[in-house]
Amino acid sequence: MKKKGLSTQAVHAGEPERQYMDSITTPIVMTSSYTFTHMNDVMDYITKKVDRFEYGRYGNPTTAAVIKKLAALEEAEDAEVFDCGMTAVSCTLLGLLRSGDHLVITDDAYKKTTMFCEKVLPRFGINASVVKMGDYDQMEHEVAKYGAKLVLSETPTNPYLNIADMDILSGMKERHGFVLAVDATFASPVNQRTLAQGADVVIHSATKYLGGHNDILGGAVLGGRELVEKIRDYRNTTGGVMDAMTSFLLLRGLKTLGIRMERLNQNGLAVARHLDDHPAVRKVYYPGLPSHHDHEKARKFMTGFGGVVTFELDADLQGTMDFLSNLKLFKIAPSFGGVEALVTHPMTVSYYDHSPEERARLGIHDELIRMSVGIEDVEDLIDDIEQALGEKAK
Ligand SMILES: *Cc1c(COP(=O)(O)O)cnc(C)c1O
């Protein structure tokens, strides 16, 4: 049968064929455990003659549906979901690595991922090299030097939206035989086919585009069965499961993933273009703009460029803060990828605890702003930016 399109899969994949009471939607199954009527049923389950649910930490019907839907969307052999994106990251690393192993990450990784690799993993005898994003010679040098078992890259990265070169990464993987894990939260399964491009496991914070409504925390890992099984075993032991209610909200959010991404890609590009030749703006970072340093890579590996637009105002810190406070539609909040327009000031919201030197090294300037467009009408988003710029815009 002809393979169905992404939006058709988003609506239908994973939902059980025959629903409880002929419901259209998959119900929220609120139960901590599952009953057996006879000891023979227990034996059938224990000896794997029947596949069913036993205890909530190992599975739930609502959660099982969302796992299947996500696997269909990424065209992954297997998938697992978690209570948040960081659990997906930590379970992947702790599930796949052991004491004595080495991994390589890039210097623009998600802040808590970096902290986990630098502060937590060493306590278990797992050490990480942090290499400059885009310096693949340095990466290969570190991989070879330590015989790295895993490379974790993100794409696009925060906040400059650097793009990983999947061809170089998969070539390196062939030469050295590490596991290539890619946190593709900023790409989504719609804008990039990360697994097809060579990743062994792809990680998503479902809090962002997948959930898409700024109302849940969630995480997902997708990839080959053997790797996902190891990550699942680790999670089944330590916890971090996605509950039934959250699974339902994620199922519901995913149904509109295709149309939401289409709109976010459009709004993102339109806002980026508007800011790009704006006298009040010093520089715009959006992979869909030809002026972006990784535009060619973005065009090679992505089909859409997302709803996150980073830019620097031609102002000082106070001017930047005034602009942020003046915005009305764009609410000041971390996170991105939902239907509501949000804006964040990385220097204060995410990096206030860093020294000025560390911030400079990471390129977190005082005037840096990260916008996440919502699905609002783009004219209204642009009007909001203009009124917040006030006098400066004239
Ligand atoms: C948000 C995010 C995470 C963490 O996800 P949570 O759901 O907040 O735990 C990890 N990686 C990236 C790239 C993210 O944007």
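Residues numbered from 1 in each chain as written. Predicted model: local features only at pLDDT ≥ 70, side-chain atom pairs only at ≥ 80, totals over all residues. Heavy atoms only, no water.

### Observations concerning the site of the ligand
Then, in step 1: The full set close to the ligand counts 13 residues, and Gly85, Asp183, Ser205, Thr207 and Lys208 are the nearest of them.
Then, in step 2: Between Thr207 and the ligand, the recorded distance is 2.6 Å, taken from a side-chain N or O atom to an oxygen atom.
Then, in step 3: Note that an oxygen atom of the ligand is positioned 2.8 Å from one of the side-chain N or O atoms of Lys208.
Then, in step 4: Across the shell around the ligand, the residue classes break down as five nonpolar, five polar and three charged. (Near = heavy atom within 4 Å. Polar contact = N/O pair within 3.5 Å; in protein donor to acceptor, adjacent residues only side chain to side chain. Nonpolar A, V, L, I, M, F, W, Y, C, P; charged D, E, K, R; others polar.)

### Looking at the pattern of salt bridges
A pair can form between side chains of opposite charge whenever their charged atoms are brought close.
Then, in step 1: Within this structure, the stated rule accounts for 21 salt bridges.
Then, in step 2: The shortest N-O distance in the salt bridge between Asp377 and Arg263 comes to 3.5 Å. Placement of Asp377 in the loop between β12 (368-372) and α16 (378-389) and of Arg263 in helix α11 (residues 257-276) is noted, with a sequence separation of 114 residues between them.
Then, in step 3: For Arg263, a relative accessible area of 29% gives the class partly exposed.
Then, in step 4: Here Arg282 makes a salt bridge to Asp314, at a shortest N to O gap of 3.5 Å. Taken as a pair, Arg282 in strand β8 (residues 281-285) and Asp314 in the loop between β9 (308-313) and α13 (317-326) lie far apart in primary sequence, 32 residues in all.
Then, in step 5: Arg282 sits in the partly exposed class, given a relative accessible area of 43%. (Salt bridge = Lys/Arg side-chain N within 4 Å of Asp/Glu carboxyl O. Helix = DSSP H or I, 4+ residues; strand = E, 2+ residues; numbered from the N terminus. Buried < 20%, exposed > 50% of the residue type's maximum accessible area, 1.4 Å probe, protein only.)

### Some thoughts on the pairing of strand β1 (residues 78-82)
Then, in step 1: Within β1, five of the five residues are buried, which leaves the element mostly enclosed by the surrounding structure.
Then, in step 2: Of the two faces of β1, both are covered, the one formed by Asp78, Glu80 and Phe82 as well as the one formed by Ala79 and Val81.

### Some words on the packing of aromatic side chains
Then, in step 1: Applying the stated criterion across every chain, the model contains eight aromatic pairs.
Then, in step 2: Taking 5.8 Å as the distance between ring centres and 55° as the angle between the ring planes, the aromatic pair formed by Phe36 and Tyr45 counts as tilted.
Then, in step 3: A relative accessible area of 25% means that Phe36 is categorised as partly exposed.
Then, in step 4: Geometrically, the ring pair formed by Tyr286 and Phe305 is edge-to-face, given 6.5 Å between the ring centres and 80° between the ring planes. One end of the pair, Tyr286, is in the loop between β8 and α12 (295-301); the other, Phe305, is in the loop between α12 and β9, and 19 residues separate them in sequence.
Then, in step 5: Residue classification places Tyr286 among the buried positions, given a relative accessible area of 0%.
Then, in step 6: Taken together, the aromatic side chains of Phe186, Tyr209 and Phe336 make up a single cluster linked through ring pairs.
Then, in step 7: A cation sits over an aromatic face here: Arg52 above Phe36, 3.6 Å from the ring centre. (Phe/Tyr/Trp six-rings, centres within 6.5 Å; stacked < 30°, edge-to-face > 60°. Lys NZ or Arg CZ within 6 Å of the ring centre and 35° of its normal.)

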